[in-house]
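# Inside the fold
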Amino acid sequence: MRKGYMYRIIFVAIVVLSAAWFTMTKPVKLGLDLKGGVYVLLEAKPEEGQRLDNEAMGRLIEVLNRRVNGLGVSESSVQKVGDKRVMVELPGITDTEQAIAMIGKTALMEFKIQNADGTLGKTLLTGKALKSAAVSYDNLGRPQISFVMNLEGAAKFAEITRNNIGKQLAITMDGVVQTAPRINSEIAGGQGVITGNYTVEEAKNTASLLNAGALPVKAEILETRSVGATLGDESIAQSKTAGMIAIGLIAVFMMVFYRLPGVVANLALICFGLITFATLNFFGATLTLPGIAGIILSVGMAVDANVIIFERIKEELRFGNTVMASIEAGFKKAFSTIMDSNITTLIITTILFTLGTGPVKGFAVTLTIGVLASMFTAITITKVLLRGFTMLFKIDKPILFGVRGK
Amino acid sequence: MIVKIKIIENRKKFFTFSTILVVLALVSLMSKGLNYGLDFSGGNLIQVKFEKTMELKELNPILDEIALDIPQIDNNSRKVQISDGNEVIIRTPEMSEKVKNDFMKDLEEKGGKFDLLRSDKVGASIGEELKSTAIIALFVGLILIVGYITVRFEFKFALAAVIALFHDVIIAVGGIALLGYEVNTPFIAAVLTILGYSINDTIVVFDRIREVLKKKKAGSLGEAVDLSVNQTLTRSINTSFTTFLAILAILLFGGASLKVFITTLLIGVLIGTYSSIFLASPLIYLLDKNEKLEDIGHN
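Numbers given to residues run from 1 along each chain, matching the order in which its sequence is written. For naming, the first written chain is A and the first written ligand is 1, with later ones following in the order written. Totals for whole chains, interfaces and linings use every residue, but because this is a predicted model, local features are given only for residues with pLDDT of at least 70 and side-chain atom pairs only at 80 or more, for both listing and counting. Note that the side-chain values use all heavy atoms of the structure and ignore hydrogens as well as water.

## So, the packing of aromatic side chains
All names here are of chain B.
- Stacked, edge-to-face and tilted are the three classes for Phe, Tyr and Trp ring pairs, Trp counted by its six-membered ring, which pair at centre distances within 6.5 Å; planes under 30 degrees apart are stacked, over 60 edge-to-face, the rest tilted. If you walk through the whole model with that rule in mind, you get 21 aromatic pairs over all chains.
- Geometrically, the ring pair formed by Phe-14 and Phe-278 is tilted, given 4.6 Å between the ring centres and 50° between the ring planes. Taken together, the residues span a long stretch of sequence, with Phe-14 in helix 1 (residues 11–31) and Phe-278 in helix 9 (residues 259–288) at a distance of 264 residues.
- Buried, partly exposed and exposed residues are distinguished by accessible area as a fraction of the type maximum, computed with a 1.4 Å probe on protein chains only: under 20%, between the cut-offs, and over 50%, respectively. The class for Phe-278 is buried, based on a relative accessible area of 17%. Only DSSP runs of H or I covering at least 4 residues are called helices, and only runs of E covering at least 2 are called strands; the numbering of each starts at the N terminus.

If you want it as structure tokens, here you go:
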């Protein structure tokens, strides 16, 4: 009994200390609604006859990844959502317009023969034949995009130019003619330039879009959200205030109502906080605004397990049992109630996690972790502390539990 | 026990009270309906903070003027909300990226400099999906809860709990409809959380009823219900109170973006606490009136 108790103290100490260490050393990842940034949800729209298989989705994600990297955002993420959707998150981005334009552009480069009347012939070559593109400058210092084709593309390009000498070759981007130079001779080697009225910035963007390649399937933007950094900062500050006030009020209430166990519950509440944050960190969960609400809410609910236990202990004390016996019986009897009531909450959070997206998922994760952590602290930490205090100070007066003795 | 509530004796009063609340909630839902926000209806939302103070009567003519070029900003299709003097939220039907940028330029030219705090765009198809997902989530949740309670207790308990749950959810949703708050994705999360919270509360009482029955501490089911409710009353009130404190803190200090979410929870927690004591418990009695006491609480 004594030895078992020692092990438990050591176990609890290790859990709490490692949770504290983990919380201090690794900052929690903040969601876009708190940090500010751009969120884009795209859906692949295969054209008729086009199959939307895993490979196509994989390529779409790859291309989007390259484009996002081109924006130079650290911690950006491109994730598949469901079968045909991709979620792109760009934290810290301020130029929403540019980001969305970059991600969503199809950047389909096509080569077509331009007829004398200005109409275009059929597509002869697409951007898929492209090896690389870069910004260069013409004799007058105007920016242009120079490109190099891959082997296959170069051969085809040579064939096209050979067969169409004297005609105009239009280079279109997303269906818009950028330039239509006259073909004077066969061009071997597959090199060329696209001229247009580009600014340096535009030329750079276009070049990197071409480098990133055309999307393998058309992707439509379903949803975009952008949050400015100021709004995020404000939200964090407000949540902190709300959290502090909630915890303060709950702590005072517990002490007034439950005396000694109340103090213990408050210590357990601190452990609960540490464990919750450490677990969030451990799983790399992202903290969103509803997620913070989930945590604050679980603080309110975290004391529930303690309340159930303490009420049981009080009942035992009222029967005239000794303090130590009442503590043992109280924990034992409260156990199944705590399990039953929390499992139903966990059923709900699981559904929220499975069906929800973005912030709702975040809320579900924090509430789940909160419920589990509260069960752990109530059943293990509160018990160890309460027994410890009772033994250490030889407590035998029920009044310390808020019960008038017999 | 300091407080002694006679649940069974007064059950008709509680049933009547609950029925009135549910009817009121349903009436408000049918007549007013829910004010669907961007996540459901689709469209654009732009939140900006002007450098100078902006008033509605100053902003409206500007928007009317812009609407001549950009019909989405039209008086009939836009919703404008001003808070804290110079923060403005404008909701419009879906705009393309280009049209939106034109609008922003026009707004800055005519209304003065501002900071873009938030810009959201949601396609209409997403909203439809969200509605169906929400309903699926609600029913899957209910089915799983019924399953769990049936396994742990008995089907009667599950049925009583689910009726109480419907009661709680309808009243919370009806309350939000009555307040006219705009509902978005977090609202769904809040409603589902009410399911979790309310059932949590109910099960603590049920657990006690089961225990009282097992130990044959009461002469009849009615007595068992009364005894159990009174024994768990302090716990129900205390837990609801601490949760209520947390919710209140978020409501008062947590900022505007959580208002709807947290108000829904607030109504849910209050009504959930009420229903687990005054509705779910007498419902067991009602559902079981004709059976013998020995038949229940055996597992």
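We are not done yet, so read on.
## Looking at the interface of chain A and chain B
- Here, two residues are considered to be in contact whenever any of their heavy atoms come within 4.5 Å of each other. Taken residue by residue, the interface counts 57 residues in chain A and 62 residues in chain B.
- Two parts placed together each lose some accessible area under a 1.4 Å probe, and the buried area is that loss summed for both. Around 5,200 Å² of area is buried between chain A and chain B when both sides are counted, 64% of it from carbon and sulfur atoms.
- Any carboxyl oxygen of Asp or Glu within 4 Å of a side-chain nitrogen of Lys or Arg constitutes a salt bridge here. On inspection of chain A and its partner chain B, the count reaches eight salt bridges.
- Throughout this description, a polar contact denotes any pair of N or O atoms lying within 3.5 Å of each other; where both atoms belong to protein, one of them has to be capable of donating a hydrogen while the other can accept it, and for residues adjacent in sequence the pair is counted only when both atoms sit in side chains. Inspection of the chain A/chain B interface yields 20 residue pairs in polar contact (both at pLDDT 80 or more).

## Description of the pattern of salt bridges
- Inspection of every chain in the model, using the stated rule, returns 32 salt bridges over all chains.
- Glu-87 of chain B serves as the salt-bridge partner of Lys-49 of chain B, at 3.9 Å between the closest nitrogen and oxygen. Separated by 38 residues along the polypeptide, Lys-49 of chain B in strand 2 (residues 43–50) and Glu-87 of chain B in strand 4 (residues 87–92) bring together distant segments of the chain.
- Lys-156 of chain B is the partner of Asp-288 of chain B in a salt bridge, and the nearest nitrogen-oxygen pair spans 3.3 Å. Remark: Lys-156 of chain B occurs in helix 6 (residues 155–179) and Asp-288 of chain B occurs in helix 9; sequence separation between them is 132 residues. Here the two residues Asp-288 of chain B and Lys-156 of chain B agree in accessibility, since each one is buried.
- In the salt-bridge network here, residues are joined through shared partners; they are Glu-43, Lys-45, Arg-85 and Glu-220 of chain A together with Glu-129 of chain B.

## Some thoughts on the UniProt feature "transmembrane region" (unreviewed entry) in chain A
Residue and element names in this part refer to chain A.
- When the UniProt feature table is mapped onto this chain, "transmembrane region" (unreviewed entry) is found at residues 242–260, 267–285, 291–313, 334–356 and 362–386.
- For the annotated span residues 242–260, helix accounts for 100% and strand for 0% of the residues, and the straight-line distance between the end C-alpha atoms is 26 Å.
- End C-alpha to end C-alpha, residues 362–386 measures 33 Å, and it is 100% helix and 0% strand. UniProt positions are given in the numbering used here, feature names are shortened, and annotations may be inferred rather than shown by experiment.

## Concerning the packing of helix 6 of chain B against helix 7 (residues 185–214) of chain B
Residue and element names in this part refer to chain B.
- Orientation is described by axes fitted as lines to C-alpha atoms, over the contacting stretch for helices, and by angles from 0 to 180 degrees between their N-to-C directions. Contact geometry for helix 6 and helix 7: axes closest at 9 Å, N-to-C directions at 145°. Crossing angle aside, the handedness with which helix 6 passes helix 7 is right-handed. Across the interface between the two elements, Phe-157, Ala-160, Ala-161, Leu-165, Asp-168, Val-169, Ala-172, Val-173 and Ile-176 from helix 6 touch Phe-187, Val-191, Ile-194, Leu-195, Ser-198, Ile-199, Thr-202, Phe-206 and Ile-209 from helix 7.
- For the contact of helix 6 with helix 7, the residue count by class is 15 nonpolar, two polar and one charged. The hand of a helix crossing depends on one turn: near helix anticlockwise from the far one by less than a right angle means left-handed, and clockwise means right-handed. Classification used: nonpolar for Ala, Val, Leu, Ile, Met, Phe, Trp, Tyr, Cys and Pro, charged for Asp, Glu, Lys and Arg, polar for all others including Gly.

## Observations regarding the nonpolar core
- Counting 137 residues, the largest nonpolar core has Met-254, Ile-313, Leu-386 and Phe-401 of chain A together with Ile-149, Phe-206 and Phe-261 of chain B as its most contacted members.
- Each residue touching Phe-261 of chain B, except ones within four places of it in the same chain, is listed here: Ala-293 and Phe-363 of chain A together with Pro-186, Ala-189 and Ala-190 of chain B.
- What is meant by a nonpolar core is a set of buried Ala, Val, Leu, Ile, Met, Phe, Trp, Tyr and Cys residues, joined one to another through side-chain atoms within 4.5 Å. By size, the runner-up hydrophobic cluster in this structure holds 23 residues, among which are Ala-44, Val-68, Met-102 and Ile-103 of chain A.

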